Amino acid sequence: MDEPAKLAVTNQKGGVGKTMTAINVAGALNDRGRDVLLVDLDPQGAATEGLGFLDAYDAEPPSLLEVLTEPDRREEIADLIVAHDEMDVVPSNIDMAAAERELTLSRRGGEQLALALEEIEADYDYILIDCPPYLGYLTDNGLYAAQNILIPALAESTSKRALELLFDHVEMLEAEYETTIAERGVVANRVEETNEAEEMMAWFDEAFPDIPVWEVRKRVAFQRAFSAGESIFAYDEDLDMAEVFLEVAASLDDQFGVVDTEVAR
């Protein structure tokens, strides 16, 4: 590929396993031999914490805030990258709480991440962007930069309204920027054996007939891996749900045309 595959992991509803999805998809892609960058665009810094970089979250400027809000400092994104055993990371920072306000005042507020990533994207096969759990300028930056979305969701009825709001927003963004944002899959997280979950899995399949829907069962090992600062592949690759994330990674390779055979498994 001439440029990396970029993917925004997004859902405007919080608590759906968004960061868990981003970290474990990145871990699965790494397991398949891909060079991955994970960008933590969420001011809450969950991915930064979940990969063991709390020091970076609390660090003094410069941070991702300056990269996104000061055009003459975009190239400094390269200096922010921290190395994890499974992926590289652009960490979030406590100062990112000011980003929404600053980007609102910016001339090209929704395009800043895309412009910054041009400085570093040649080094990666994939760039995953963990978006905030709300619709705003930061999420717009993630969507515009990636122009592909992976949707984490819960198998519960509240997901229907949340996804409706997300797709309304995506449609508006596509019109504003005259672009197309492709849906690459739905990851249904923390699925349990309930009637509601069974009905929602059927609804996902009906609502998204043209993209994969993956079912991730509830496992405490995911939280333990998060606390250990790594994906499930480093923490417990024999966990049954790890296979689901390998399926996600294989599908992404297929969708984006990453076809070399040098995979780890």
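Anything mentioned here points back to the structure above.
All of the points below concern the structure found in this document.

About the criteria used
Residues numbered from 1 in each chain as written. Predicted model: local features only at pLDDT ≥ 70, side-chain atom pairs only at ≥ 80, totals over all residues. Heavy atoms only, no water. Core = buried A, V, L, I, M, F, W, Y, C linked by side-chain atoms within 4.5 Å. Buried < 20%, exposed > 50% of the residue type's maximum accessible area, 1.4 Å probe, protein only. Contact = heavy atoms within 4.5 Å. Helix = DSSP H or I, 4+ residues; strand = E, 2+ residues; numbered from the N terminus. Pairing = 2+ DSSP bridges. Salt bridge = Lys/Arg side-chain N within 4 Å of Asp/Glu carboxyl O. Axes fitted to C-alpha atoms, helices over the stretch in contact; angles between N-to-C directions. Parallel < 35°, antiparallel > 145°, perpendicular 65-115°, else oblique. Left-handed = near helix turned anticlockwise from the far one by under 90°. Nonpolar A, V, L, I, M, F, W, Y, C, P; charged D, E, K, R; others polar.

**Let's talk about the nonpolar core**
What tends to happen in soluble globular proteins is that the nonpolar side chains get buried as a cluster. The biggest cluster of nonpolar side chains holds 48 residues, and the ones touching the most others in it are Val 39, Leu 64, Leu 117, Ile 129 and Phe 204. In contact with Val 39, not counting residues within four places along its chain, are Leu 64, Val 90, Leu 113, Leu 117, Ile 127, Leu 128, Ile 129 and Asp 130. One finds Met 20, Leu 29, Ala 225 and Phe 256 within the second-largest nonpolar core, a separate group that totals 39 residues.

**A closer look at the pairing of strand β6 (residues 148-154)**
Of all seven residues that make up β6, seven are buried, and the element is covered over most of its length. What you see with β6 is no split at all: Asn 148, Leu 150, Pro 152 and Leu 154 on one side and Ile 149, Ile 151 and Ala 153 on the other are buried throughout. Sheet topology note: the strand β1 (residues 5-9)/β6 ladder contains two bridges and is parallel. The partner of Ala 8 across the bridge, within β6, is Ile 149.

**A few points about the pattern of salt bridges**
Scanning all chains against the criterion turns up 14 salt bridges. A salt bridge links Lys 6 to Glu 3; the shortest N-O distance between them is 3.6 Å. Relative accessible area serves as the criterion here: at 9%, Lys 6 is assigned to the buried category. When its relative accessible area of 47% is taken as the criterion, Glu 3 is described as partly exposed. With a closest N to O distance of 2.8 Å, Arg 108 and Glu 111 form a salt bridge. The exposure class assigned to Arg 108 is partly exposed, which follows from its relative accessible area of 35%. Relative accessible area serves as the criterion here: at 15%, Glu 111 is assigned to the buried category. Three or more residues are tied together by salt bridges with common partners; here these are Glu 3, Lys 6 and Glu 121.

**Here's the deal with the packing of helix α1 (residues 18-31) against helix α13 (residues 242-256)**
Contact geometry of α1 with α13 gives a least axis separation of 8 Å together with a crossing angle of 70°. Relative to α13, the element α1 lies roughly perpendicular. Here the hand of the crossing between α1 and α13 comes out right-handed. For the pair formed by α1 and α13, the contact residues are Met 20, Thr 21, Asn 24, Val 25, Ala 28, Leu 29 and Asp 31 on the first element and Phe 245, Leu 246, Val 248, Ala 249, Leu 252 and Asp 253 on the second. When the residues that make up the contact of α1 with α13 are grouped by side-chain class, the tally is nine nonpolar, two polar and two charged.

Note that all results are geometric; they support no functional claim without further evidence.
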